[in-house]
Amino acid sequence: MRTFIACGSFLLQPLVWLVILRIWLTSRARIKSERHDFGSAVYGDHFELRHLLTQGVLLGLGLSLINFLIGFSLPLLWIVVYEVLAVVTLIILPTTILPFTLVVVATIVTQFGGAYITNKPDLSAVGLNWHTVGSANYLWLAVMFFLLLGHWVAHYGGRFASPKIYAKQRGKRIAGYPWREFLVLPMVTLVPGDWFTSHLAFWPVLNVHGQTFAVLVIPLVLGLRFTVFRQAPQTVYRRLAKNFVWLAVAAAAFMGWTRFRPQDSPFLLIVLLVGYAVILWHAKRYDERQQFWYSQVDDGVRVLAIRPRTPAVKLDLAAGDIILECNHRPVNSETSFYEALLANPAYCHLRVRDMNGELKMTETAIYSGAPHEIGIVLFRDQEG
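Residues numbered from 1 in each chain as written. Predicted model: local features only at pLDDT ≥ 70, side-chain atom pairs only at ≥ 80, totals over all residues. Heavy atoms only, no water.

Novice: I keep staring at the overall build of the chain and nothing clicks. Help me out?
Specialist: Each helix and strand in the chain was counted, giving 10 helices and 12 strands. The buried share among the 384 residues of the chain stands at 50%. Pairs at least 24 apart in sequence give 74% of the contacts found in the chain among residues at least 6 apart. When the accessible surface of the chain is totalled, it reaches about 18,600 Å², and 62% of it is carbon and sulfur. (Helix = DSSP H or I, 4+ residues; strand = E, 2+ residues; numbered from the N terminus. Buried < 20%, exposed > 50% of the residue type's maximum accessible area, 1.4 Å probe, protein only. Contact = heavy atoms within 4.5 Å. Areas by Shrake-Rupley, 256 points an atom, 1.4 Å probe, with all protein chains shown as cover.)

Novice: How should I be thinking about the pattern of salt bridges in this particular structure?
Specialist: Side chains that differ in sign of charge can pair as their charged atoms come close. Under the definition given, this model contains 10 salt bridges. Between Arg 285 and Glu 288 there is a salt bridge, with the nearest N and O atoms lying 3.5 Å from each other. Placement of the pair is Arg 285 and Glu 288 together in helix H9 (residues 265-288), with a separation of 3 residues, close to one helical turn. By relative accessible area, which is 37% here, Arg 285 ends up partly exposed. Through salt bridges with shared partners, a single network forms among Arg 30, Glu 34 and Glu 48. (Salt bridge = Lys/Arg side-chain N within 4 Å of Asp/Glu carboxyl O.)

Novice: When you look at the pairing of strand S7 (residues 301-306) in this model, what are you seeing that I'm missing?
Specialist: With respect to burial, S7 is a largely interior element, 6 of its 6 residues being buried. Relative to strand S8 (residues 322-326), S7 runs antiparallel, the two sharing 2 bridges. Bridge pairing in S8 places Arg 302 opposite Ile 322. Bridge count between S7 and strand S12 (residues 376-378): 3 bridges; the pairing is antiparallel. Looking at S12, one finds that Ile 306 is bridged to Ile 376. (Pairing = 2+ DSSP bridges.)

Novice: How should the nonpolar core be read in this particular structure?
Specialist: In summary, soluble globular proteins display a tendency toward joint burial of nonpolar side chains. By size, the foremost hydrophobic cluster in this structure holds 89 residues, and its most contacted members are Trp 78, Phe 100, Leu 224 and Phe 244. In terms of residue count, helix H6 (residues 136-156) provides more of this core than any other element does, 14 residues in total. Other than its neighbours up to four places away in sequence, Phe 244 contacts Phe 146, Leu 149, Gly 150, Val 153, Leu 224, Tyr 276, Ile 279 and Leu 280. (Core = buried A, V, L, I, M, F, W, Y, C linked by side-chain atoms within 4.5 Å.)

Novice: Looking at this structure, I do not really get unusual backbone geometry. What am I missing?
Specialist: Among all residues save glycine, negative phi is the norm, and among peptide bonds the norm is trans. For Asn 327, which is not glycine, the phi torsion reads 55° and is therefore positive. Along the chain, Asn 327 turns up in the loop between S8 and strand S9 (329-330). Positive phi, close to 65°, is recorded for His 328, a residue that is not glycine. For His 328, the location among the structural elements is in the loop between S8 and S9.

Novice: Explain the packing of aromatic side chains here, please?
Specialist: Two aromatic rings, taken as a pair, are described by how far apart their centres are and by the angle between their planes. Taken as a whole and assessed by the stated rule, the structure comprises 18 aromatic pairs. Here Phe 100 and Phe 146 contribute two aromatic rings whose centre-to-centre distance is 4.6 Å and whose plane-to-plane angle is 50°, an arrangement assigned as tilted. Residue Phe 100 is found in helix H5 (residues 99-118), and its partner Phe 146 is found in helix H6; the two are separated by 46 residues along the sequence. One exposure class covers both Phe 100 and Phe 146, and it is buried. Taken together, the ring pairs in this structure connect Phe 100, Phe 145, Phe 146, Phe 244 and Tyr 276 into an aromatic cluster. Its end group placed over the ring of Tyr 156, Arg 159 keeps NZ or CZ at 4.8 Å from the ring centre. (Phe/Tyr/Trp six-rings, centres within 6.5 Å; stacked < 30°, edge-to-face > 60°. Lys NZ or Arg CZ within 6 Å of the ring centre and 35° of its normal.)

If you want it as C-alpha cells, here you go:
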C-alpha cells in the first residue's frame, strides 16, 4: 500500500500534468501546421503523447530500478528547486526546453544556497538537508541524463520527421524538420531526513545504516529542440546521440574527480552544460554549411515526407528525393503530379533523383480512383 502511495504521488505533482499539457499543445500545433502547409496532417495522431507513455515510462522504469539498486538519493531542497524551476520555465518559455539547465541550476542553488537556508533556526526541521547527499550523486544524474537522451534521440530522432515550410530561399520555398518532443520520466529517488515521516506517517521509508530515507517518485524532464534544414534528419540525430554518450562518459569521469574534490561538482556540471551547448551549436553550424536544401525545384517535385499506412510506404522514396516523371510523364508541380497519376489511377510508376543525384525507378499499386491518397507529401502549388 505504501509503495502504491509513493508511485501514485508522481501523478499528483503539478509538473507532470504541465508537461503533458505542454506536449499536447505542441502536438496540436504540429498537426495544425501540417494541415496548413500540406492540406492534411502528415502524422494525424498525437504521437508525441504516445511516446510519453511508451518511451517516457519505460525509460523511467529502467532508471528507477538502477537508482533503487544503487541507493541513489537527492535532497528535498534539490527536488523542490528543480520542480519549481521546471514549472516556471514551462509557463514563461513555452517554446523552449531547458532540461539539463534545470538540473545544473537546481544543483548550484542546492549546494551554494542550501547552507544558508538550513542555518536558519526556523527552517532547521523542514527536511531540506542537502549536506547528507554526496556530490557524486548530481553527476550520476548527469550520466544517466545523457545516456537516456542519447538512447532516445538515436532511436526516435528523425523517425517521425514532420516537415514545416519556412521562408523563401532565393525565391523558392524551403522546408525544415523541427523536433520539439520531450519526455517526463518517473524517477525513483531516496530522500534523506525525517520530513516525510514527521508530516506523513504513512509514507514508505527505508532505514540504511541507521539513516532514514523516504522513497519518492519525481518527474525528470528529458527533451531536445532542434531543426534540420540540409541533411537527412535521422543521420543528424544519430550523430548527436553519439556525442551525448560521450558527455555521459565525461560525467562518469567527473564522478571520480569528486571523490577527491567534492566541492567541484557544481563547476563540473557547468562544464557539462557548456559541452552540451557546444554540441548543439556545432550540429547547427554543420547543418548550415551543407549545400543541400529541402527546397522547391523546377525540374520535378520535391518529396518532403511519406505518410504512414499509405501506398507510398512501399515506394523506395525518402524526404529530399525529386520525382522527375510519374507514369512516364514529366512533372514540375503538385498539380501536374496528380494529373499524371490519373493517367493510371490504379498504379504509380516514378522516375526519381535522390539526394545524391542518382536516378532510380520505383512503382507500386495505389488506391483505385483515389490518387490523392498515395501518401507522398509535396510542396503545395501556390495560389495566384
